[in-house]
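The residues making up each chain are set out below.
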Amino acid sequence: MSTTYPVYSPIRNHDEELAKAETGVDQLDLEREDRWYPKFHIASNGGWINDPNGLCRYKGRWHVYYQLHPYGTQWGPMHWGHVSSADMVSWRHDPIAMAPSLEEEKDGVFSGSAVIDDEGKLKFYYTGHRWNNGKDDTDGQWQVQMLADATDDDAIGLEKKGVVIDCPREKVDSHFRDPKVWKQDGVWHLIHGVSTADHRGQIWDYTSEDMINWTFQNVVFDDPDPDVFMLECPDFFPLEDKNGDTKWVIVFSAMGSKAKGYMNRNENNAGYMIGTWNPGEAFKPETEFRLLDCGANYYAPQSFEADGRRIMYGWMSPFSENAPMQSDGWCGQMTLPRECFLGEDGDLHTVPVPETDKLRINTFDHVARPIEANEEALVDEDAEAVEIELNINLQATTAERAGLKVHTTPDGSYTYVAYDAQAGTVVVDRQAAARGDRGYRAAKLTDEELSADELKLHVYVDRGSVEAYVNDGRHVLSSYSYPSEGKRAVKLSAESGTLAVNKLTLHDMKSIGLE
Ligand code: FRU
């Protein structure tokens, strides 16, 4: 007998679950410690968050939903938290949008995306998650794709509709999640990530005419990396290259990829490939897998299209257990919203949306004097939330490593954003961190970048994070950084040689309103 979709089977009262979850977050919020809580990045007012979900612009407002565990600062039964904004500058906390209340999502409302239907109504596709043994992942999981509709213009109320795609469990090694929906040539497409029965990472494409009945179409991407067993949070979108040709960018968060050189240094790694695609066919890659962000804390990005722009948020994943912020009543923040485009070099670039400039409250242009060999020059005595523009004159710089020490505190700890001339990289180095994970991450510069006159660093320092954009979004590195007590200085540093500065500008940043 074939199933008629959607399948809707409530087991708990959704409103009651939402009210309980609000109380959970409120309790954590009351005790929250703000030493590392972001001023200008999205975070929950309490609890654990992960992936950005349901990103959209709807009826004049920007919406960011996110995976939320409202009862603790570690991952747990997933809900959807919600913030929104009229201008992508000032944000407000909206009520929690979804809690597990149906049989098929009883252990979590997992990640998903938003889409506006032909009637102009907002819909959400997400994954319903159940543990096979009812308690943990030791016996695998049963995941299905679900639908919910927004019930009001502010997308505050979400009405669950139930399951629209069940899992063909014999073909799948229990991972089957994270739907992304869009319309292509008059047909609705839904892709999601799969771990196949033989443990390979794939992305499957389904099509639909009515957005409720979905038919499996084909495997749109089969990861050639044999170590990769699951592709989480797939995303797939067209961008025009410099010749006006359409390229497709496939984005996924690969589980299982192994570290090699500067690549795949995080526990799981989010990246992309550029290529071509025609509906009904597999994606044809023209590049290798490349990281979207080379920092220590980046995962599960999602993009959406609005105002003719392709905008992407990532989750700054703490990865390692017992991240310092977990003892402060909250855990996890989003990156800044980034606009995606293909550069002159044919590669994907991501830069903060121009709205970010509206967060500047003071601007200090520093005289661009050279920094002597082994000198450290104070730039700002106490920088809590700042944006720093540093243009390095590459040809006149002789230092083997030079750049910015941020979150420099009286105990001697700091995080170093530096150009490493020997390795030909830009690094975010947390070797001198007093708390949290140490080590460094590197973005490898191209030969063209290394022989250019100038290297442009654009560094956003929030209370507990550093986001470094290199050469107008050609590379990005996002890492948490947990400054110690006392003033948080910014210094310029040059090691074993001089640093020639073309430009140094600092902007104090105001709050986005979520504190
Ligand atoms: C990625 C992810 C998704 C899943 C969600 C659960 O970080 O594992 O695949 O839907 O988080 O919270």
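Remember, predicted model here, so these are calculated numbers, not experimental data.

Analysis parameters
- Residues numbered from 1 in each chain as written.
- Predicted model: local features only at pLDDT ≥ 70, side-chain atom pairs only at ≥ 80, totals over all residues.
- Heavy atoms only, no water.
- Pairing = 2+ DSSP bridges.
- Helix = DSSP H or I, 4+ residues; strand = E, 2+ residues; numbered from the N terminus.
- Axes fitted to C-alpha atoms, helices over the stretch in contact; angles between N-to-C directions.
- Near = heavy atom within 4 Å.
- Polar contact = N/O pair within 3.5 Å; in protein donor to acceptor, adjacent residues only side chain to side chain.
- Areas by Shrake-Rupley, 256 points an atom, 1.4 Å probe, with all protein chains shown as cover.
- 1 Å grid on protein atoms, 1.4 Å probe; cavity = no way out; pocket = protein on both sides within 12 Å on 5 of 7 lines; lining within 4 Å.
- Sits in = over half its atoms within 2 Å of the grid points.
- Nonpolar A, V, L, I, M, F, W, Y, C, P; charged D, E, K, R; others polar.
- Points joined across faces, edges and corners; volume = space filled by probe spheres on them.
- Contact = heavy atoms within 4.5 Å.
- Salt bridge = Lys/Arg side-chain N within 4 Å of Asp/Glu carboxyl O.
- Buried < 20%, exposed > 50% of the residue type's maximum accessible area, 1.4 Å probe, protein only.
- Core = buried A, V, L, I, M, F, W, Y, C linked by side-chain atoms within 4.5 Å.
- Domains from an automatic or database assignment.
- UniProt positions renumbered as here; feature names shortened; annotations may be inferred.
- Phe/Tyr/Trp six-rings, centres within 6.5 Å; stacked < 30°, edge-to-face > 60°.
- Lys NZ or Arg CZ within 6 Å of the ring centre and 35° of its normal.

By way of backbone hydrogen bonds, the strands of a sheet pair with one another, either parallel or antiparallel. Read from one edge of the open sheet, four strands run 5-6-7-8, paired in antiparallel fashion. Both edges of this open sheet fall to strand 5 (109–116) and strand 8 (158–165), since each of them pairs with a single strand only. Geometrically, the sheet is characterised by an average inter-axis angle of 30° between neighbouring strands, direction not taken into account. Summarising the sheet, strand 6 (residues 122–131) and strand 7 (residues 141–150) pair through nine bridges and their orientation is antiparallel. Pairing of His 129 across the sheet is with Gln 143, part of strand 7.

Every residue near the ligand is listed here: Asn 50, Asp 51, Gln 67, Trp 75, Met 78, Phe 110, Ser 111, Arg 177, Asp 178, Glu 232, Tyr 299 and Trp 315. Contacts to the ligand include Asp 178, whose side-chain N or O atom sits 2.6 Å from an oxygen atom. In the complex, 92% of the free accessible area of the ligand, which totals 320 Å², lies under the protein chains. A molecule is said to occupy a pocket when more than half its atoms come within 2 Å of that pocket's grid points, and by this definition the ligand occupies the largest pocket. Only strand 1 (47–58), strand 5 and strand 9 (172–184) provide two or more residues apiece to the shell around the ligand. The residue inventory of the shell around the ligand, partitioned by class, reads five nonpolar, three polar and four charged.

In this structure, the largest pocket occupies an estimated 750 Å³ of space. In terms of lining residues, the largest pocket is bounded by 28 residues, among which Asn 50, Trp 75, Glu 232, Met 255 and Trp 315 are the most central. When contributions to the lining of the largest pocket are tallied by element, the ones reaching two or more residues are strand 1, strand 5, strand 6 and strand 9. Partitioned by chemical class, the residues of the lining of the largest pocket number nine nonpolar, 12 polar and seven charged. In this structure, the second largest pocket occupies an estimated 570 Å³ of space.

This paragraph deals with the environment of Ser 174. Tracing the sequence through the fold places Ser 174 in strand 9. In this view, Ser 174 contacts Gly 140, Gln 141 and Gln 143; residues no more than four positions away in its chain are not counted.

Following the sequence through the fold, Arg 309 ends up in strand 19 (residues 309–316). Side-chain polar atoms of Arg 309 contact the side chain of Glu 355, separated by 2.7 Å. Every residue in contact with Arg 309, bar those within four places of it in the chain, is listed here: Trp 62, Met 88, Phe 304, Glu 339, Val 353, Pro 354 and Glu 355.

With that out of the way, let us pick up the pattern of salt bridges. As enumerated under the stated definition, the model contains 41 salt bridges in all. Its salt-bridge partner being Lys 247, residue Glu 286 comes within 2.9 Å of it at the nearest N-O pair. With Glu 286 in the loop between strand 16 (284–285) and strand 17 (290–291) and Lys 247 in strand 14 (residues 246–255), this pair connects stretches of sequence that are 39 residues apart. Residue Glu 286 is classed as partly exposed on the basis of its relative accessible area, which comes to 49%. Close ionic contact of Asp 429 with Arg 401 constitutes a salt bridge, the shortest N to O distance being 3.3 Å. Here the residue Asp 429 occupies a position in strand 29 (residues 425–429), and Arg 401 occupies one in strand 27 (residues 401–408), the gap between them amounting to 28 residues.

For the rest of this paragraph, the subject is the nonpolar core. Ranked by internal contacts, the top residues of the largest apolar core, which has 65 residues, are Ile 42, Trp 91 and Leu 348. Considering every element that reaches this core, the biggest residue donor is strand 19, with five residues. The two domains that each donate at least three residues to this core are domain 1 (14–352) and domain 2 (360–509). Each residue touching Leu 348, except ones within four places of it in the same chain, is listed here: Leu 239, Val 249, Tyr 272, Ile 274, Leu 292, Cys 340, Phe 341, Leu 342, Gly 473 and Arg 474. The next biggest cluster of nonpolar side chains, apart from the first, holds 52 residues, and it includes Trp 182, Tyr 419, Val 461 and Leu 506.

This part covers the UniProt feature "domain: Glycosyl hydrolase family 32 N-terminal" (unreviewed entry) in the chain. The feature "domain: Glycosyl hydrolase family 32 N-terminal" (unreviewed entry), as given by UniProt, occupies residues 41–348 in the numbering adopted here. Across residues 41–348, the secondary structure splits into 0% helix and 55% strand, with the terminal C-alpha atoms separated by 23 Å.

With that settled, consider the UniProt feature "domain: Glycosyl hydrolase family 32 C-terminal" (unreviewed entry) in the chain. Those residues carrying the UniProt feature "domain: Glycosyl hydrolase family 32 C-terminal" (unreviewed entry) are residues 356–507 in this numbering. Summarising residues 356–507: 3% helix, 52% strand, and an end-to-end C-alpha distance of 11 Å.

Moving on, we get to the packing of aromatic side chains. A ring pair, where both rings are aromatic, is described by two values, the distance of the centres and the angle of the planes. As enumerated under the stated definition, the model contains 30 aromatic pairs in all. Note on Trp 182 and Trp 248: the rings are 6.3 Å apart at their centroids and 50° apart in plane angle, and the pair reads as tilted. Placement of Trp 182 in strand 9 and of Trp 248 in strand 14 is noted, with a sequence separation of 66 residues between them. Under the relative-accessibility criterion, Trp 182 is labelled buried at 13%. Through successive ring pairs, a cluster of aromatic residues spans Trp 182, Phe 221, Phe 236, Trp 248, Phe 252, Trp 277, Phe 283 and Phe 289. Across from the ring centre of Trp 142, 4.1 Å away, lies the NZ or CZ of Arg 169, which sits over that ring.

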